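What follows is each chain in one-letter form.
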Amino acid sequence: KQEVTQIPAALSVPEGENLVLNCSFTDSAIYNLQWFRQDPGKGLTSLLLIQSSQREQTSGRLNASLDKSSGRSTLYIAASQPGDSATYLCAVSPNTGGFKTIFGAGTRLFVKA
Amino acid sequence: EAGVAQSPRYKIIEKRQSVAFWCNPISGHATLYWYQQILGQGPKLLIQFQNNGVVDDSQLPKDRFSAERLKGVDSTLKIQPAKLEDSAVYLCASSLGQSISGNTIYFGEGSWLTVV
C-alpha cells in the first residue's frame, strides 16, 4: 500500500531564505508526482508535475526533484517571500493497484517578513 | 477560463441529517474527482469518474455516501445520514484525462462540512 510522508510538518523561516521541503513514498512504482500549494480556506493549486521518467521540473523560484528508486522528492524554494506562506502537499499517482492519486499530509510553511 | 465550481461553500448540519454537494468541472475535462480532506491531513480520494463512469470508488463509504455524474459534466456528492466524523472539506477536482497520464488536476475551493 502506497504511503506518502512529508517532513517537516511545519516550517517557519525568515524572508529571503532558500528552503527545501521533503516528500517520501513507500512504493517506487509511480507514474508521476505532483506538488501542490494550498492556501487557508482554499483548494489546491498544482505547482509542478514530474513524470516518472523525469528527474526534475522547474517553475520560477520553484524546483522539484524526483528520485524514484529511493522514493523521494524535494521541493526547493529559492529566495522565499511572505507570499509563499501556505501548505505544500505532494501527491503520487501509482501505476499499480488502481488510479488513486495519494497525497501526503503537507508541510505548513510560514515565511516571516 | 473558469475554474472548478463548488457549492455550497459552507454547511452545518446535525448528525443523521443529509447533505448534498455540487460540482461543475472545467469545461471539457473528462475526469472528475471527489476528495475528502480532514483538518491536518492530505486529501483522500472518495470517487473518481471518467466521463460518467466510475473509475475508482474503493474508499467511498457506500453505506452513507453516494455520488453521480450525469451526462459526464456536473456531479453531486451526497451524505445520508451524516456522522460526526464526516466533518471535513469536500474537494472536487477535474483534469483533461486521468492523472496517471500526466494531466494536471485542478481543484475547486471546497465545501466545508461541519456535523454537530
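Up top you'll find the structure we're talking about.
Report follows, based on the coordinates. (Residues numbered from 1 in each chain as written. Chains lettered and ligands numbered in written order. Predicted model: local features only at pLDDT ≥ 70, side-chain atom pairs only at ≥ 80, totals over all residues. Heavy atoms only, no water.)

## Quick word on the interface of chain A and chain B
By a frequent convention, interface size equals the accessible area lost on bringing the separate parts together.
Okay, step 1: If you look at the interface, chain A gives 21 residues, while chain B gives 26 residues.
Okay, step 2: The tally of links from chain A across to chain B stands at 1 salt bridge.
Okay, step 3: For the salt bridge of Glu109 of chain B with Lys42 of chain A, the shortest nitrogen-to-oxygen distance reads 3.3 Å.
Okay, step 4: Our count for the chain A to chain B interface comes out at 3 residue pairs in polar contact (both at pLDDT 80 or more). (Contact = heavy atoms within 4.5 Å. Salt bridge = Lys/Arg side-chain N within 4 Å of Asp/Glu carboxyl O. Polar contact = N/O pair within 3.5 Å; in protein donor to acceptor, adjacent residues only side chain to side chain.)

## What about the state of the cysteines?
Okay, step 1: Throughout the structure, instances matching the rule amount to 2 disulfides over all chains.
Okay, step 2: Sulfur-sulfur distance for the disulfide between Cys23 of chain A and Cys90 of chain A comes to 1.9 Å. The S-S bond linking Cys23 of chain A to Cys90 of chain A shows a torsion near 70°; that makes this disulfide right-handed. Placement of Cys23 of chain A in strand E3 (residues 19-25) and of Cys90 of chain A in strand E9 (residues 86-94) is noted, with a sequence separation of 67 residues between them.
Okay, step 3: The disulfide partner of Cys23 of chain B is Cys92 of chain B, and the S-S distance across this bridge is 1.9 Å. Handedness here is read from the sign of the S-S torsion; for Cys23 of chain B and Cys92 of chain B, about -70°, the answer is left-handed. Here Cys92 of chain B lies in strand E9 (residues 88-95) and Cys23 of chain B lies in strand E3 (residues 19-24), a separation of 69 residues in the sequence.
Okay, step 4: On the basis of relative accessibility, which here comes to 0%, the residue Cys92 of chain B falls in the buried class. (Disulfide = S-S within 2.5 Å. Helix = DSSP H or I, 4+ residues; strand = E, 2+ residues; numbered from the N terminus. Buried < 20%, exposed > 50% of the residue type's maximum accessible area, 1.4 Å probe, protein only.)

## Overview of the pattern of salt bridges
All names here are of chain A.
Okay, step 1: On inspection of all chains with the given rule, the structure shows 6 salt bridges over all chains.
Okay, step 2: Across the pair Asp39 and Arg37 runs a salt bridge, and its minimum N-O distance is 3.0 Å.
Okay, step 3: Looking at Asp39, the relative accessible area reads 26%, which means it is partly exposed.
Okay, step 4: The exposure class of Arg37 is buried, given its relative accessible area of 18%.
Okay, step 5: One salt bridge connects Asp84 with Arg61, and the closest N-O pair in it is separated by 2.8 Å. Residue Asp84 is found in the loop between strand E8 (72-77) and E9, and its partner Arg61 is found in the loop between strand E6 (56-59) and strand E7 (62-67); the two are separated by 23 residues along the sequence.
Okay, step 6: Using a relative accessible area of 31% as the deciding quantity, one classes Arg61 as partly exposed.

## A word on the sheet that holds E3 of chain A
Residues and elements named next belong to chain A.
Okay, step 1: Strand order in this open sheet of 5 strands is E1-E3-E8-E7-E6, and the pairing throughout is antiparallel. In this open sheet, the two edge strands, each paired with only one partner strand, are strand E1 (4-7) and E6. Each neighbouring strand pair of the sheet contributes to a mean axis angle of 15°, computed without reference to strand direction.
Okay, step 2: Two elements, E1 and E3, share 4 bridges in a ladder whose sense is antiparallel. What sits directly across from Ile7, in E3, is Asn22. (Pairing = 2+ DSSP bridges. Axes fitted to C-alpha atoms, helices over the stretch in contact; angles between N-to-C directions.)

## Considering the sheet that holds strand E8 (residues 75-79) of chain B
Residues and elements named next belong to chain B.
Okay, step 1: The strand order across the open sheet built from 4 strands is E1-E3-E8-E7, with neighbouring strands paired in antiparallel fashion. Either end of the sheet is taken by a strand with one partner, and the two such strands are strand E1 (5-7) and strand E7 (65-68). Pairs of neighbouring strands in the sheet enclose a mean axial angle of 15°, with direction left out of account.
Okay, step 2: The pairing of E1 with E3 spans 3 bridges and is antiparallel. The residue of E3 that forms the bridge with Gln6 is Cys23.

## So, the pairing of strand E4 (residues 30-38) of chain A
All names here are of chain A.
Okay, step 1: Counting buried positions along E4 gives 8 out of 9 residues, so the element sits mostly inside the fold.
Okay, step 2: Bridge count for E4 against E9 is 8 bridges, and the pairing is antiparallel. Across the sheet, Gln34 pairs through a bridge with Ala91, a residue of E9.
Okay, step 3: The pairing of E4 with strand E5 (residues 44-51) spans 7 bridges and is antiparallel. By the bridge assignment, Gln38 is partnered in E5 with Leu44.
Okay, step 4: Counting the residues between successive antiparallel strands, the hairpin from E4 to E5 contains 5 residues, one of them, Gly41, with a positive phi of roughly 75°.

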